[in-house]
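Chain residues, written in single-letter form:
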Amino acid sequence: MKTNNNFQKILALLFLVIFTSCHNLFKDDDDKPAPIYLVSYEFMNSYPAAIVENMFNELVNNNPEMEVIHERVKYGFIVYKITYKTTFEGKPIIASGLVSAPISEGPFPVLSYQNGTNTLHGEAPSINPNRDLYFLLEIVASTGVVIALPDYLGFGSTDNMFHPYLHAGSTVPVVLDMLRAVKELGTLRGFVVSNDLYLTGYSMGGWATLQVQKEIETNHRNEFNLKASAPSAGPYDLSFINSYILGRQTYPQPYFMGFVYNSYENLGIINTSLDEIFNAPYHTRIPNLFDGSLSGVEINQQLSTNISELFTEDFRMNYNTDAKFASVIEALEANSIEAWNVTTPTHFVHGTEDELVPFQVSQNMHQQLSETSSQNNNLELVPLQGHNHVDGIIPAGLYSIQWFFQFMDN
């Protein structure tokens, strides 16, 4: 989906419609119970229903697939940046995220969207809420659902630390604790957040979605009523991804594995040094490339798309057999998703022409879960025919939202 100049003009006008105080819209929060997770909230923007309707008219003219959302618009919506308490490596830390809520009392279900791989501090949801993808998600709140967009650690309020990329132990608490904080935000701001929850996300966000889903189904069934989950184009099996990349002659996004191994080294979960994985000069460059100031494109320019040039021959040939790489294999396996007995309706959405995270990853995950789950009729593989990794982002999101609407109507 493309955003044209007219839409940008509309957005510019919308951003002028800012309420100077949230207290004009909702009751004062002085008499509300003290939150446990929520630390602070900051008003970002507000969009009355009439303006939302005008905006959708423009959107649908250029993107007819948006009509399914347009026809459900009931409310204006308000956008907050929040900070909240979570943990990292057993220690308390204050994370952040973006929340978009209908301007009404509710109760409303929550849709948590886990965004994909990002290396720029300036592109975190709470820092750049007007980014096209984030705004298109925010506007879904006008249909009567609260949208949660976690920043992840290493972004937003925690941009003074490294991002623990594709690390389940830090990603899952950040998402769950934000959902708890969102419910507290609703209590303070006068809208009711129900226990009904929907999960989706793309690429790294697809992986995060399935990790969170497994944690909820395994340990938090009584807290979250998970209605449906749509993980999209996620690297669910990191060992498979590692082998896939090392088996190619070229890979167009070399920063991906640089991000992974730099993160795992910072976490201390691999004892293999970067110079045993990456050739010179890349092994000395990588630790300085992920400080939040460079985009993926800029990082790629500092690496090589040629696999034999980027990775050492020893690692390419022996990573799966040599004991000195054992911690690498263990880390990849520990942060991959092992099949469990899935009970939540789950649709795996993935582009069939994805060259970065191959469609086979979703095929394999779907098959493994189907074999493990007693209710495998809840599982479906949804191929996005002809879509690659980049152009599948918006279609995957639209499919997921439309599918979720079916549950909200029941």
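Scroll up to find the structure this text is about.
Criteria and thresholds
- Residues numbered from 1 in each chain as written.
- Predicted model: local features only at pLDDT ≥ 70, side-chain atom pairs only at ≥ 80, totals over all residues.
- Heavy atoms only, no water.
- Helix = DSSP H or I, 4+ residues; strand = E, 2+ residues; numbered from the N terminus.
- Rg over C-alpha atoms; globule rule 2.2 N^0.38 Å.
- Buried < 20%, exposed > 50% of the residue type's maximum accessible area, 1.4 Å probe, protein only.
- Contact = heavy atoms within 4.5 Å.
- Areas by Shrake-Rupley, 256 points an atom, 1.4 Å probe, with all protein chains shown as cover.
- Lys, Arg positive; Asp, Glu negative; His and termini not counted.
- Charge placed at Lys NZ, Arg CZ, Asp CG, Glu CD.
- Axes fitted to C-alpha atoms, helices over the stretch in contact; angles between N-to-C directions.
- Parallel < 35°, antiparallel > 145°, perpendicular 65-115°, else oblique.
- Left-handed = near helix turned anticlockwise from the far one by under 90°.
- Nonpolar A, V, L, I, M, F, W, Y, C, P; charged D, E, K, R; others polar.
- Phe/Tyr/Trp six-rings, centres within 6.5 Å; stacked < 30°, edge-to-face > 60°.
- Lys NZ or Arg CZ within 6 Å of the ring centre and 35° of its normal.

For the rest of this paragraph, the subject is the overall build of the protein. Tallying secondary structure elements over the protein gives 16 helices and 9 strands in all. Taken over the C-alpha trace, the protein has a radius of gyration of 21 Å; the compact-globule value for 410 residues is 22 Å, and the two agree within 12%. A principal-axis box enclosing the C-alpha atoms of the protein has dimensions of 65 × 45 × 45 Å. Out of the 410 residues belonging to the protein, those deemed buried represent 56%. If you take every contact in the protein between residues at least 6 apart in sequence, the share linking residues at least 24 apart comes to 79%. For the protein, the exposed surface amounts to about 16400 Å²; the carbon and sulfur share of it is 48%. Positive and negative side-chain charges of the protein, numbering 20 and 43 respectively, have mean locations separated by a distance of 5 Å.

Viewed as axis vectors pointing N to C, helix α7 (residues 238-246) and helix α8 (residues 255-267) meet at an angle of 130°, and their least axial separation amounts to 11 Å. With respect to α8, the element α7 is oriented oblique. In terms of crossing hand, the pair formed by α7 and α8 is left-handed. On the side of α7, the interface is formed by Leu238, Ile241, Asn242 and Ile245, while α8 contributes Phe256, Met257, Tyr261 and Tyr264.

Where α8 meets helix α14 (residues 326-334), the axes come as close as 11 Å, and the angle between the chain directions of the two elements is 105°. Accordingly, the angle class assigned to the pair α8 and α14 is roughly perpendicular. Judged by residue contacts, Val260, Tyr261 and Tyr264 of α8 engage Val328, Ala331 and Leu332 from α14. Residue composition of the contact of α8 with α14, grouped by class: 6 nonpolar, no polar and no charged.

Moving on, we come to the packing of aromatic side chains. Aromatic ring pairs are defined here through the distance separating the ring centres and the angle between the ring planes. Enumeration over the complete set of coordinates arrives at 19 aromatic pairs. Seen in terms of ring centroids, Tyr165 and Phe259 are 4.2 Å apart; in terms of plane orientation they differ by 15°. Their pairing is stacked. Here Tyr165 is found in the loop between β5 (146-150) and α5 (168-189), whereas its partner Phe259 is found in helix α8, with 94 residues between them in sequence. Given the relative accessible area of 4%, Phe259 is considered buried. With a centroid separation of 6.0 Å and an interplanar angle of 25°, the aromatic rings of Phe311 and Phe315 are classed as stacked. Across the pair, exposure class does not vary: Phe311 and Phe315 are buried alike. What links up through ring pairs into an aromatic cluster is the set Tyr261, Phe278, Phe311, Phe315, Tyr319 and Phe325. Of note, Arg72 hangs over the ring of Phe405, and the distance from its end group to the ring centre comes to 4.0 Å. Sitting above the plane of the Tyr134 ring, Arg131 keeps its charged end 5.0 Å from the centroid.

Remember, this is a structural readout, not a statement about activity or role.
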